[in-house]
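Here are the chains, one letter per residue:
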Amino acid sequence: MPWGHFLIAVIPYISYSLIRHRKMPNGPILLVLLFGTQFPDLVDKPLAWQFDVLINGRIFMHSLVFAVPLSVAILLLAWIYDRRTIGGTFVFGYLLHIPGDFYTAFIRSGLHIPNNMLWPLFSPSPISKPEFVTQPGLLTFTGWDIVAVGIGTVLIGYTFITTINSARKYSTSLRII
Ligand SMILES: [Zn+2]
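Presented here is an overview of the structure given in this document. Values in this document were obtained by computation on a predicted structure and should not be read as measured data. (Residues numbered from 1 in each chain as written. Predicted model: local features only at pLDDT ≥ 70, side-chain atom pairs only at ≥ 80, totals over all residues.)

### So, the packing of helix α1 (residues 2–21) against helix α4 (residues 84–108)
Then comes step 1: Running from amino to carboxyl end, α1 crosses α4 at an angle of 125 degrees, the nearest separation of the two axes being 9 Å. Taken together, the axis directions place α1 and α4 in an arrangement best described as oblique. Handedness of the crossing formed by α1 with α4: right-handed. From α1, Gly4, His5, Ile8, Ala9 and Tyr13 reach across to α4, where they touch Phe92, Gly93, Leu96, His97 and Gly100.
Then comes step 2: Class assignment for the residues of the contact of α1 with α4 results in 5 nonpolar, 5 polar and no charged. (Axes fitted to C-alpha atoms, helices over the stretch in contact; angles between N-to-C directions. Helix = DSSP H or I, 4+ residues; strand = E, 2+ residues; numbered from the N terminus. Parallel < 35°, antiparallel > 145°, perpendicular 65-115°, else oblique. Left-handed = near helix turned anticlockwise from the far one by under 90°. Contact = placed C-beta atoms within 7 Å. Nonpolar A, V, L, I, M, F, W, Y, C, P; charged D, E, K, R; others polar.)

### Things to note about the nonpolar core
Then comes step 1: Grouped together as the largest cluster of nonpolar side chains are 24 residues, with contacts concentrated most on Phe6, Leu7, Ala9, Val10, Leu30 and Leu33.
Then comes step 2: Within the residue set of this core, elements represented by two or more residues are α1, α2 (27–50) and α4.
Then comes step 3: In this view, Leu30 contacts Val10, Pro25 and Thr159; residues no more than four positions away in its chain are not counted. (Core = buried A, V, L, I, M, F, W, Y, C linked by C-beta atoms within 7 Å. Buried ≥ 20, exposed ≤ 12 C-beta atoms within 10 Å, placed from the backbone.)

### Quick notes on unusual backbone geometry
Then comes step 1: Following Trp119, the chain continues to Pro120 via a peptide bond in cis, the omega torsion being 10 degrees.
Then comes step 2: In this structure, Pro120 sits in the loop between α4 and α5 (131–134).
Then comes step 3: In this structure, Arg22 takes a positive phi of about 60 degrees despite not being glycine.
Then comes step 4: The backbone of Asp82 sits at a positive phi, close to 55 degrees, despite the residue not being glycine.
Then comes step 5: For Asp82, a count of 9 C-beta atoms within 10 Å puts it in the exposed group.

The structure is reproduced here in structure tokens:
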């Protein structure tokens, strides 16, 4: 779920920033982290659920076969163009999304890497759509989901507010120049 992916990444990210730099990360960089944590779902789920291009909403960008070279390419570009924090933050969020989706399958299968994580080298799980997509009434929330939604909403709110503030400060400084 989106909030869960963001939380798994944002909590260590903020902790690191507080310990290392003694301040909260700024809004724009948290926005990059938010985008990274949602990126595989933003690509795969529409391709599977909406356009029927993929047979599963957790294969293409969820597969290490694509995720690893793409991450390396992004880090390389970020290094070349001196945008290491942006590139590193995106890749951190992106790569944390993958174990976030597959850790239960990994544990349940006796610590075998799920086929989806290695698609197209291995055939993916045939489940194309989760039950709440085919039968909308089935979407249920656990206690953890509600806590995650609460904390995630606060942090996403913080991200957007600080991003807007940064944009305002930036436009003011441009006017002064
Ligand atoms: Zn996912």
